[in-house]
Amino acid sequence: MIGDKVFVHYTGTLQDGTKFDSSRDREEKFSFELGKGQVIKAWDIGVGTMKIGEVCQLICKPEYAYGTAGSPPKIPPNATLVFEVELFDFHGEDLTDEEDGGIIRRIVTKGEGYTKPNEGSSVEVSLEGTLEDRVFDQRELKFEIGDGDTLGIPVGVEKALQAMEKGEESLLTVAPKYGFGMAGNSQFNIPPNATLKYKVKLINFEKAKESWEMNTDEKLEQSRIVKEKGTQYFKEGKYRQAAMQYKKIVSWLEHETTLSEEDEQKAKALRLAAHLNLAMCYLKVQEASQALENCDKALELDSNNEKALFRRGEALFGIKEFEQARDAFQKVLQLYPSNKAAKTQGAVCQRHIKEQHEKDKRLYANMFQKFAERDAKVSRQDFSHGIKRSRGQFLMGTQRRVKLSPAPHSH
């Protein structure tokens, strides 16, 4: 299908048998995405019809290969090419930022145009969700990307829609992380940690304004709106959806340089709130490194912010940097002595530090004990070998003396 990543071996020759290229000679399979124009037209068409394990011959007319220009110096103009191709594997396109295979798309029908929906776009879609051949969701609806969770649409489907063109129909495989996660979904009778299949068609959409299309007043107004939306998601325990809203504030206001003094203060307050809330969201989903990054961003805006300092300690604790976490909580107490939570967390850090020291002590003690035992064993072996060598030399010397002694007199 269009967009599938395929893995092949091939040998290419001219019609007279002259070889001009071979992946087998390089001992490395060749991969490309079908239908994306990454290879000659004949390959997009021909390889798309193959099955895994199949070996075929593609005879490619010039208009489906390199045309009147050829590909100097090996392929002359108007050349008909012959390829022997073996297909080893193929899989759909990974749409995740982390490339963790959590959202796989296979395009059934290619869309039209080049524009795609963005965050906040109004989309009209038809979808069918299945779990182990059971259809659990089938409908046609309109919604804004970012609000899908309120309608029982997983974040993985929303992410995929942002990669689709108008009229495109695709098959999606959505891993639990991008589906209904560990909680499952009671409305659709989805158990925890279920991998879902969706058939989705993007019927139509209207893009949301990009940051560069909005003036300052619009950015500030929209930031206030999405902040409230994010807070509502957070209260409902939808931390990733909340984070998506707070990220918008950062993207809209982070690089604004032409603000009035009054607007600058408003923007700073919104950015500070966004980073603090992002840190909290990431702590909730146990992504401590991301939380730490947002705490640092918040502290750039307000170096003594109580929430930022405290959450920074929590983030450091989350990545097991207990000494740094303790120091962070101690700083909170220095500035805000009445913060009981910081005192409690500092004591927890101290306990973990002590436990780690005890563990290290036992580890090194065992290590030194093993070294000592090994050295003692080596010493005993050396001593034993030394005795054997000395005894051997003595016996050999005796033999030599016996051998060299004159024969005894006969009586």
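Check the entry above for the structure.
Residues numbered from 1 in each chain as written. Predicted model: local features only at pLDDT ≥ 70, side-chain atom pairs only at ≥ 80, totals over all residues. Heavy atoms only, no water.

### Let's talk about the packing of helix 5 (residues 239-253) against helix 6 (residues 261-284)
Packing of helix 5 against helix 6 brings their axes to within 9 Å, and their N-to-C directions diverge by 150 degrees. In this view, helix 5 runs roughly antiparallel relative to helix 6, as classed from their interaxial angle. The two elements helix 5 and helix 6 cross, and the hand of that crossing is left-handed. Residues Y239, A242, A243, Y246, K247, I249, V250 and L253 of helix 5 lie in contact with helix 6, whose contacting residues are A267, L270, R271, A274, H275, N277, L278, C281, Y282 and K284. (Axes fitted to C-alpha atoms, helices over the stretch in contact; angles between N-to-C directions. Helix = DSSP H or I, 4+ residues; strand = E, 2+ residues; numbered from the N terminus. Parallel < 35°, antiparallel > 145°, perpendicular 65-115°, else oblique. Left-handed = near helix turned anticlockwise from the far one by under 90°. Contact = heavy atoms within 4.5 Å.)

### Examining a nonpolar patch on the surface
A contiguous nonpolar patch, built from M1, V108 and L171 and spanning about 220 Å² of accessible area, is present on the exposed surface. Relative to the helices and strands, V108 is located in strand 7 (residues 103-109). Assessed through its relative accessible area of 41%, V108 is described here as partly exposed. (Patch = residues over 30% accessible without salt bridge, like charges linked within 9 Å, V, L, I, M, F, W, Y side chains within 5 Å. Areas by Shrake-Rupley, 256 points an atom, 1.4 Å probe, with all protein chains shown as cover. Salt bridge = Lys/Arg side-chain N within 4 Å of Asp/Glu carboxyl O. Buried < 20%, exposed > 50% of the residue type's maximum accessible area, 1.4 Å probe, protein only.)

### A look at the packing of aromatic side chains
Counted according to the given criterion, the structure contains 14 aromatic pairs. Where Y10 meets W43, the ring centres are 5.1 Å apart and the plane angle is 85 degrees; that geometry is what we call edge-to-face. On the criterion of sequence distance, the pair formed by Y10 in strand 1 (residues 5-14) and W43 in helix 2 (residues 41-46) is long-range, its members being 33 residues apart. The burial state of Y10 is the same as that of W43; both residues are buried. Each member of the aromatic cluster is reached from another via a ring pair, and the members are Y10, F20, F30, F32, W43 and F83. When the ring centre of F88 is taken as reference, the NZ or CZ atom of K29 above it lies at 4.7 Å. (Phe/Tyr/Trp six-rings, centres within 6.5 Å; stacked < 30°, edge-to-face > 60°. Lys NZ or Arg CZ within 6 Å of the ring centre and 35° of its normal.)

### Description of helix 7 (residues 288-301)
Helix length check: helix 7 (14 residues) gives 20 Å between terminal C-alpha atoms against 20 Å at 1.5 Å per residue, within 8%. Every buried residue of helix 7 is listed here: A288, A291, L292, N294, C295, A298, L299 and L301. On its buried face, helix 7 sits against helix 6 and helix 8 (306-318). (Expected span 1.5 Å × (residues − 1).)

### Description of the side chain of T11
Mapped onto the fold, T11 is located in strand 1. Overall, the relative accessible area of 19% leaves T11 in the buried class. Only 3.3 Å separates the side chain of T11 from the side chain of S22, close enough to count as a polar contact. Other than its neighbours up to four places away in sequence, T11 contacts K19, D21, S22, R24, V82, F83 and E84. (Polar contact = N/O pair within 3.5 Å; in protein donor to acceptor, adjacent residues only side chain to side chain.)

### What to know about the pairing of strand 10 (residues 169-174)
Both faces of the sheet carry side chains from a regular strand, because those side chains alternate between them. Residues S170, L172 and V174 point to one face of strand 10 and are all buried, whereas E169, L171 and T173, pointing to the other face, are not buried. Inspection of the sheet shows strand 7 paired to strand 10 by six bridges, in the antiparallel sense. Opposite T109, over in strand 10, you have E169 as the bridge partner. Sheet analysis places strand 10 next to strand 11 (residues 196-206), joined by six bridges and oriented antiparallel. Opposite T173, over in strand 11, you have K197 as the bridge partner. (Pairing = 2+ DSSP bridges.)

### Here we look at the environment of F136
With respect to the helices and strands, F136 occurs in strand 9 (residues 134-144). Sequence separation of F136 and F188 is 52 residues, and the distance between their C-alpha atoms is 5.7 Å. Here F136 is in contact with G129, T130, L131, F180, F188, I190, L196 and Y198, once residues within four sequence places are set aside.

### Some details on the environment of A347
Looking at the secondary structure, you find A347 in helix 10 (residues 340-404). Residue classification places A347 among the partly exposed positions, given a relative accessible area of 45%. For the pair A347 and Q330, spaced 17 residues apart in the sequence, the C-alpha separation amounts to 9.9 Å.

### Re the packing of helix 4 (residues 216-235) against helix 5
Between helix 4 and helix 5, the least distance of the axes is 8 Å, while the angle of their chain directions is 165 degrees. Relative to helix 5, the element helix 4 is oriented roughly antiparallel. By crossing handedness, the relation of helix 4 to helix 5 is classed as left-handed. Of the residues in helix 5, those in contact with K219, L220, Q222, S223, V226, K227, K229, G230, T231, Y233 and F234 of helix 4 are Y239, Q241, A242, Q245, Y246, K248, I249, W252 and L253. Classifying every residue of the contact of helix 4 with helix 5 by side-chain character gives 10 nonpolar, six polar and four charged. (Nonpolar A, V, L, I, M, F, W, Y, C, P; charged D, E, K, R; others polar.)

Nothing here speaks to function; it is geometry throughout.
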